[in-house]
Amino acid sequence: PTFMICMLLSLSESWFQTNKIKIMEWPAQSPDFNPIENLWDDIKNAVSELKPRNAEELWKVVKSSWTGIPVYRCQRLVDSRQHRCEAVLKNSGYTTKY
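Residues numbered from 1 in each chain as written. Predicted model: local features only at pLDDT ≥ 70, side-chain atom pairs only at ≥ 80, totals over all residues. Heavy atoms only, no water.

The name given to the protein in an unreviewed UniProt entry is Tc1-like transposase DDE domain-containing protein, and the organism recorded there is Lates calcarifer.

Participant: Can you walk me through the overall build of the protein in this structure?
Facilitator: Scanning the protein for helices and strands turns up five helices and zero strands. Each helix (α) and strand (β) of the protein, taken in turn from the N terminus, gives the series α-α-α-α-α. If you take every contact in the protein between residues at least 6 apart in sequence, the share linking residues at least 24 apart comes to 54%. Carbon and sulfur atoms make up 60% of the accessible area of the protein, which totals about 8400 Å². (Helix = DSSP H or I, 4+ residues; strand = E, 2+ residues; numbered from the N terminus. Contact = heavy atoms within 4.5 Å. Areas by Shrake-Rupley, 256 points an atom, 1.4 Å probe, with all protein chains shown as cover.)

Participant: What is the right way to read the packing of helix 2 (residues 36–50) against helix 3 (residues 55–67) from this model?
Facilitator: A pair of packed helices is characterised by two quantities: the angle between their axes and the separation of those axes. Where helix 2 meets helix 3, the axes come as close as 9 Å, and the angle between the chain directions of the two elements is 135 degrees. If you check the angle between helix 2 and helix 3, you find them oblique. As helix 2 runs across helix 3, the sense of the crossing is right-handed. Along the contact surface, helix 2 presents Ile36, Leu39, Trp40, Ile43, Ala46, Val47 and Leu50, while helix 3 presents Leu58, Val61, Val62, Ser65 and Trp66. (Axes fitted to C-alpha atoms, helices over the stretch in contact; angles between N-to-C directions. Parallel < 35°, antiparallel > 145°, perpendicular 65-115°, else oblique. Left-handed = near helix turned anticlockwise from the far one by under 90°.)

Participant: Explain a nonpolar patch on the surface here, please?
Facilitator: A contiguous nonpolar surface patch, about 470 Å² in accessible area, is contributed by Phe3, Met4, Met7 and Leu11. With respect to the secondary-structure elements, Phe3 resides in helix 1 (residues 2–18). (Patch = residues over 30% accessible without salt bridge, like charges linked within 9 Å, V, L, I, M, F, W, Y side chains within 5 Å. Salt bridge = Lys/Arg side-chain N within 4 Å of Asp/Glu carboxyl O.)

Participant: Help me understand the packing of helix 2 against helix 4 (residues 71–79) in this model?
Facilitator: Between helix 2 and helix 4, whose axes approach to 9 Å, the crossing angle comes to 140 degrees. Residue-level inspection shows Asn38, Leu39 and Asp42 of helix 2 in contact with helix 4, the latter providing Arg73, Cys74 and Leu77. Looking at the contact of helix 2 with helix 4, its residues break down into three nonpolar, one polar and two charged. (Nonpolar A, V, L, I, M, F, W, Y, C, P; charged D, E, K, R; others polar.)

Rendered as structure tokens:
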């Protein structure tokens, strides 16, 4: 399996180079780049606020919070991608306000 992963990675890198597509360096463990982390925080806040008493209540809160996230919230997070990248670069990969 490891050999196959390395081979696939090598082929992918070659394809990107051949097609002149630049690959962005992506630091490991980089929540500042990932807008989903903000949505998880929204759900955690709802759970903290509503204090479910058992697994069933917890699941209801999570589902309700997730389905209650407005589309504009997701769009704003996606639109912030450029600013997130700039902030991470400016901070040399260290934590940002995102």
